[in-house]
Amino acid sequence: MEKEIVIKGLCKKYGRKKALDNVDLTIGKGMFGLLGRNGAGKTTLMKTLAGLLRKNGGSFTVCGIPDNDIKKIRAMTGYLPQEFAMYPSMTAEACLDYLGSLSGMKKQLRRDRIDMLLEKVNLSDSRSKKFKALSGGMKRRLGIAQALLHDPQVLIVDEPTAGLDPEERIRFRNLLSEVAGDRIVILSTHIVGDIESVCDKLAVLGEGKVIWNGSVSALEDDAKGKVWTLMTESRFIPQIKDMYNVTGMVRQGEYVQIRLVSDEKPDIAGVQPAEPGLEDAYIACITSGGIHYGGEE
């Protein structure tokens, strides 16, 4: 079986708005990051690949299965949406058993998979807790367990760490790396640190279009010569932010160290070139693609 997703000219509209605009991507096995600000089209792409939305144009195949065979694609795909919800009074174990029965899994297979997955996501001791009593991080881990219940070849997770505390975010990213194995895993997020930690390859979406596709290191290389740093007084910060895309600020006594992105050397005293990190490279990418950077939508 082919272990890749091939997307050609994929389009999706909501009324007159193009949520996906002629998207071309090839995604192989392992961890693949899909990065973009809120509203870039990430969720629409994920739902379309998972067979939850109908495309308006183009085509895609999942492990060799064409998009007109949605039933087969759904059978080989596990999906964790941004908000995973279940009946509040169901226990964690009952949630998985219920979802497994809905998908037609036999009872003994359900029991074996549920026991194994609760152990893998570190919820064995919480199997009898009601869903409403689980923390945000525990709900996300339970969501991964349900997505893996039928042992899918493709795992799609949409904004999985949004709202989690730093410790739970690290735990969740480690879990994704562990379950990747021989699967295709697509991690969709607007949090650069999630991609940086677990993905070697990524695509950047902006306004429904692919504006970057390649390796993480290549994206950073592409930003060389565009990242700058300087020390300045706080009173100059508003003016600098009006003129340039600021990617970081660290206060050091009476001064502030600023990182910013600019194709040309900024006309500011004391500015020095800096090695780009992934966050710098991402901002350089979306601004060079003609997309305004100014915070979340």
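Just above, that's the structure.
Residues numbered from 1 in each chain as written. Predicted model: local features only at pLDDT ≥ 70, side-chain atom pairs only at ≥ 80, totals over all residues. Heavy atoms only, no water.

## A short note on the sheet that holds strand S1 (residues 4–14)
Turning to step 1, where the next piece is worked out: The sheet built from 4 strands is open, its strands ordered S2-S1-S4-S5 with antiparallel pairing. The open sheet has two edge strands, strand S2 (17–28) and strand S5 (65–66), and neither has a second partner.
Turning to step 2, where the next piece is worked out: Pairing of S1 with S2 involves 8 bridges; the strand directions are antiparallel. Within the sheet, the bridge partner assigned to Tyr-14 lies in S2 and is Lys-17.
Turning to step 3, where the next piece is worked out: Sheet contacts for helix H1 (residues 42–49): S1, S2 and strand S4 (57–62); angle to S1, the most-contacted strand, approximately 120°. (Pairing = 2+ DSSP bridges. Helix = DSSP H or I, 4+ residues; strand = E, 2+ residues; numbered from the N terminus. Contact = heavy atoms within 4.5 Å. Axes fitted to C-alpha atoms, helices over the stretch in contact; angles between N-to-C directions.)

## Brief notes about the pattern of salt bridges
Turning to step 1, where the next piece is worked out: Summed over the entire model, instances satisfying the criterion amount to 20 salt bridges.
Turning to step 2, where the next piece is worked out: Measuring nitrogen to oxygen at the nearest pair gives 2.9 Å for the salt bridge that ties Asp-97 to Arg-110. With Asp-97 in helix H3 (residues 92–102) and Arg-110 in helix H4 (residues 107–120), this pair connects stretches of sequence that are 13 residues apart.
Turning to step 3, where the next piece is worked out: Overall, the relative accessible area of 11% leaves Arg-110 in the buried class.
Turning to step 4, where the next piece is worked out: Where Glu-168 meets Arg-141, a salt bridge forms, and the shortest distance between an N and an O atom there is 3.1 Å. Of the two residues, Glu-168 sits in helix H6 (residues 166–180) while Arg-141 sits in helix H5 (residues 136–147), which places them 27 residues apart along the sequence. In this structure, Glu-168 and Arg-141 share a single accessibility class: buried.
Turning to step 5, where the next piece is worked out: Within the structure, one salt-bridge network assembled from shared partners comprises Glu-93, Asp-97, Arg-110, Arg-111, Asp-115 and Arg-127. (Salt bridge = Lys/Arg side-chain N within 4 Å of Asp/Glu carboxyl O. Buried < 20%, exposed > 50% of the residue type's maximum accessible area, 1.4 Å probe, protein only.)

## Section: H5
Turning to step 1, where the next piece is worked out: With 12 residues, H5 extends 17 Å between its outermost C-alpha atoms, agreeing within 8% with the 16 Å of an ideal straight helix rising 1.5 Å per residue.
Turning to step 2, where the next piece is worked out: Within H5, 10 of the 12 residues are buried, which leaves the element mostly enclosed by the surrounding structure.
Turning to step 3, where the next piece is worked out: At its buried positions, H5 is contacted by strand S6 (77–80), H3, H4, strand S7 (154–158) and H6. (Expected span 1.5 Å × (residues − 1).)

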